[in-house]
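The chain contents come next:
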Amino acid sequence: MTHHAPSALLSAALHAAEQGWHVFPLRPADKRPALHGESVCPLIGDCAGGHRKWEDRATIDPDRIRRAWADRPFNIGIATGPSGLVVVDLDMPKRKSSTGTPCGVTTFGALCERAEQAVPTTYRTRTASGGHHLYFTAPPGGRLANSAGRLGKLIDTRAHGGYVIAAGSFTATGPYTVTDPTPPIPLPDWLYSLLAPRQPSRSLVAVPSSSKASRYATAALRAETATVRAAQEGERDWTLLSAARALGRFISWGDLPRSVVEEALQEAGESAGLSSRQCRSTVRSGLNWSIARNPQRRTA
């Protein structure tokens, strides 16, 4: 494996910050954040007032960046939300995929053709796997979350709550390189319309909120479904299962109807990119597990 000197990655991190993109260190030759997790947070330094996640600690401060990249060849993560970016991730099929499965670039091209739009010319990088990242500036006042498969198979997007690996980084598969240095253009309106938050489902609107308990349950339902929608590839099924386990107790306690929870989680899971069948199976398993472990409340 080629070992890149910290100075090369430091230069790349500083260059990204000069564009106003908030960066944070990823593990050397890896895609995962190099920062500590909440469970082992020392509650000192940046975290003196409480644990701060990678999105909160991403920075454009050149002094902080120089300190972070001074000694180790950390890869570079760009926190898309704080950076005001929406990045369209055009992925490559997995090795085990059937022959003929179109890549994300092909699917995105077809999407543009159906919309009678040209493929946008904007800042673009090539990923280590051979995919592409298209960078856009986020629409003012429009808070977009991550998405998986909403635009098409092998097309994800990264916005609030997400990050991408910056050019200059590398993994065992290869480097991340700039293929079009054009400054990011605003996210086209037709793409925004496809990514804009959907109206709350009928099930969320129908949840009663007459009591403090049911209001808390409704808030939990909204929070858990939002987490599922924003889950990244490789974490989606587990995130959906965790959400179902967290919400099952409210069914046992009589705060939420099971049908409401199932519909909301099914919609969130499919929005994240999971198949309808996989969502149903995971939701059923998680709810059954939780309900079995949370006895009904006793009435006075």
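Residues numbered from 1 in each chain as written. Predicted model: local features only at pLDDT ≥ 70, side-chain atom pairs only at ≥ 80, totals over all residues. Heavy atoms only, no water.

J.: Explanation requested: the layout of surface pockets in the structure shown.
T.: If a probe as big as a water molecule is rolled over the atoms, it shows which places are left empty. Looking at the largest pocket, its volume works out to about 1700 Å³. Taken together, 46 residues make up the lining of the largest pocket; nearest its centre are Arg158, Tyr163, Gln232, Glu233 and Glu235. For the lining of the largest pocket, the secondary-structure elements that each account for two or more residues are helix 2 (54-57), strand 7 (155-158), strand 8 (163-165) and helix 7 (212-229). Residues belonging to the lining of the largest pocket are distributed by class as follows: 15 nonpolar, 14 polar and 17 charged. (1 Å grid on protein atoms, 1.4 Å probe; cavity = no way out; pocket = protein on both sides within 12 Å on 5 of 7 lines; lining within 4 Å. Points joined across faces, edges and corners; volume = space filled by probe spheres on them. Helix = DSSP H or I, 4+ residues; strand = E, 2+ residues; numbered from the N terminus. Nonpolar A, V, L, I, M, F, W, Y, C, P; charged D, E, K, R; others polar.)

J.: Could you clarify how one ought to interpret the sheet that holds strand 8 in this entry?
T.: The strands that make up a sheet pair up through hydrogen bonds in the backbone, lying either parallel or antiparallel. What the three strands build is an open sheet, ordered 1-2-8; its pairing is antiparallel. Two strands bound the open sheet, and with one partner strand each, they are strand 1 (23-26) and strand 8. Here the average twist between neighbouring strands, direction ignored, is 35°. The pairing of strand 1 with strand 2 (residues 75-79) spans four bridges and is classified as antiparallel. Across the sheet, phenylalanine 24 pairs through a bridge with glycine 77, a residue of strand 2. (Pairing = 2+ DSSP bridges. Axes fitted to C-alpha atoms, helices over the stretch in contact; angles between N-to-C directions.)

J.: Hey, could you run me through the pattern of salt bridges in this one?
T.: Pairing of side chains with opposite charge becomes possible as their charged atoms draw close. Taken as a whole and assessed by the stated rule, the structure comprises five salt bridges. Of the charged contacts in the structure, one is a salt bridge between aspartate 63 and arginine 66, with a shortest N-O distance of 3.4 Å. Remark: arginine 66 and aspartate 63 occur in helix 3 (residues 62-68); sequence separation between them is three residues, near one turn of the helix. Judged by relative accessible area, which is 45%, aspartate 63 ranks as partly exposed. Note that arginine 236 and aspartate 156 form a salt bridge whose closest N and O atoms lie 3.1 Å from each other. In this pair, arginine 236 is assigned in helix 8 (residues 236-252) and aspartate 156 in strand 7, connecting sequence segments 80 residues apart. In this pair, the class of arginine 236 matches that of aspartate 156, namely buried. (Salt bridge = Lys/Arg side-chain N within 4 Å of Asp/Glu carboxyl O. Buried < 20%, exposed > 50% of the residue type's maximum accessible area, 1.4 Å probe, protein only.)

J.: What is the right way to look at the packing of helix 8 against helix 9 (residues 258-272) in this model?
T.: Two quantities define a packed helix pair, namely the angle between the axes and the distance from one axis to the other. Between helix 8 and helix 9, whose axes approach to 11 Å, the crossing angle comes to 165°. By the angle between their axes, helix 8 is roughly antiparallel relative to helix 9. Relative to helix 9, the crossing made by helix 8 is right-handed. Contacts from Arg236, Leu240, Ala243, Ala244, Leu247 and Ile251 of helix 8 reach helix 9 at Arg258, Val261, Leu265 and Ala272. (Parallel < 35°, antiparallel > 145°, perpendicular 65-115°, else oblique. Left-handed = near helix turned anticlockwise from the far one by under 90°. Contact = heavy atoms within 4.5 Å.)

J.: Explain helix 8 here, please?
T.: Given 3.6 residues to a turn, an α-helix orients residues that are three or four positions apart in the same direction. Helix length check: helix 8, at 17 residues, gives a terminal C-alpha distance of 25 Å against a target of 24 Å (1.5 Å per residue), a fit within 8%. If you look at helix 8, its biggest bend is around 25°, right at alanine 246. For helix 8, the set of buried residues is Arg236, Thr239, Leu240, Leu241, Ala243, Ala244, Leu247, Gly248, Phe250, Ile251 and Ser252. Positive backbone phi, at 85°, marks glycine 254, one or two positions downstream of helix 8. (Expected span 1.5 Å × (residues − 1). Bend = angle between axes of the 7 residues up to and from the residue.)

J.: Is there a simple way to explain the environment of serine 271 in this structure?
T.: Relative to the helices and strands, serine 271 resides in helix 9. Considering only alpha carbons, one finds serine 271 and glycine 149, 122 residues apart in sequence, at a separation of 7.5 Å. At 3.1 Å, the side chain of serine 271 and the side chain of arginine 150 are in polar contact. (Polar contact = N/O pair within 3.5 Å; in protein donor to acceptor, adjacent residues only side chain to side chain.)

J.: Explanation requested: the side chain of threonine 225 in the structure shown.
T.: By the secondary structure assignment, threonine 225 is in helix 7. Here arginine 222 takes part through its backbone oxygen, which lies 3.0 Å from a polar atom of the side chain of threonine 225. Setting aside chain neighbours within four positions, we find threonine 225 in contact with Ala264, Leu265 and Ala268.

J.: Is there a simple way to think about the nonpolar core in this case?
T.: One recurring pattern in soluble globular proteins is that nonpolar side chains are buried together. If you look at the biggest cluster of nonpolar residues, it comprises 22 residues, and the most contacted ones within it are Trp21, Val23, Ile65, Trp69, Ile76, Ile78 and Tyr135. Only helix 1 (6-18), strand 2 and strand 3 (85-90) provide two or more residues apiece to this core. Top contributing element to this core by residue count: helix 1, with seven residues. The residues contacting isoleucine 76, other than those within four sequence positions of it, are Leu9, Ala12, Ala13, Val23, Phe24, Leu26, Trp69, Val164, Ile165, Ala166, Ala167 and Ser169. In terms of nonpolar packing, the next biggest core, distinct from the first, is built from 20 residues, Ala243, Phe250, Ile251 and Ala268 among them. (Core = buried A, V, L, I, M, F, W, Y, C linked by side-chain atoms within 4.5 Å.)

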